[in-house]
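Survey of secondary and tertiary structure
Take a look at the letters that make up each chain.
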Amino acid sequence: MTTLQAHLKAVERVLSPGDLAKVIATTPETVSRLRGGRRPRRANEVAVLTLHAVIDSALATTGGDAGAVRDALLSRLCAPGGSQLTQALRAGDADLAL
């Protein structure tokens, strides 16, 4: 298992592969390829690593409530200003996303 695959596995404890694809602006097929160990585009790699850091921090804040973290991420993607969260995650800006 590659390091990126380990990060993906941790992220997928909170988000489905489809939701993950939406958050990092890629396709479910690309997520599947990443899970299979295919070399990622740098933008996807940075987005996954940033998302993992954000999820890890949110889990610590919520006492490990994966459902609450998932709901917060997905609701913020749809909320006013949520595009800022999406853009921050995709750009690898964990500080802004947090």
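Here the structure is shown first, and the text comes after it.
1. Some points on the pattern of salt bridges
Taken as a whole and judged by the stated rule, the model has four salt bridges. A salt bridge links Arg35 to Glu12, with the nearest nitrogen and oxygen atoms 3.1 Å apart. With Arg35 in helix α3 (residues 28-35) and Glu12 in the loop between α1 (3-11) and α2 (17-23), the pair connects residues that are 23 residues apart, well separated along the chain. Where Arg42 meets Glu45, a salt bridge forms, and the shortest distance between an N and an O atom there is 3.1 Å.

2. So, unusual backbone geometry
Of note in the backbone geometry, Ala25 takes a positive phi value of approximately 55° without being a glycine. In this fold, Ala25 is placed in the loop between α2 and α3.

3. Observations concerning the nonpolar core
Within the largest apolar cluster, 23 residues are counted, with the highest numbers of intra-cluster contacts made by Leu15, Leu51, Ile55, Leu73 and Leu89. Breaking this core down by element, the ones donating at least two residues are α1, α2, α3, α4 (42-62), α5 (66-78) and α6 (82-91). At five residues, the largest contribution of residues to this core is made by α4. Apart from the residues lying within four places of it in its own chain, the contact partners of Leu15 are Leu20, Val23, Leu51, Ile55, Arg70, Leu73 and Leu74.

Thresholds, definitions, all that
Residues numbered from 1 in each chain as written. Predicted model: local features only at pLDDT ≥ 70, side-chain atom pairs only at ≥ 80, totals over all residues. Heavy atoms only, no water. Salt bridge = Lys/Arg side-chain N within 4 Å of Asp/Glu carboxyl O. Helix = DSSP H or I, 4+ residues; strand = E, 2+ residues; numbered from the N terminus. Core = buried A, V, L, I, M, F, W, Y, C linked by side-chain atoms within 4.5 Å. Buried < 20%, exposed > 50% of the residue type's maximum accessible area, 1.4 Å probe, protein only. Contact = heavy atoms within 4.5 Å.

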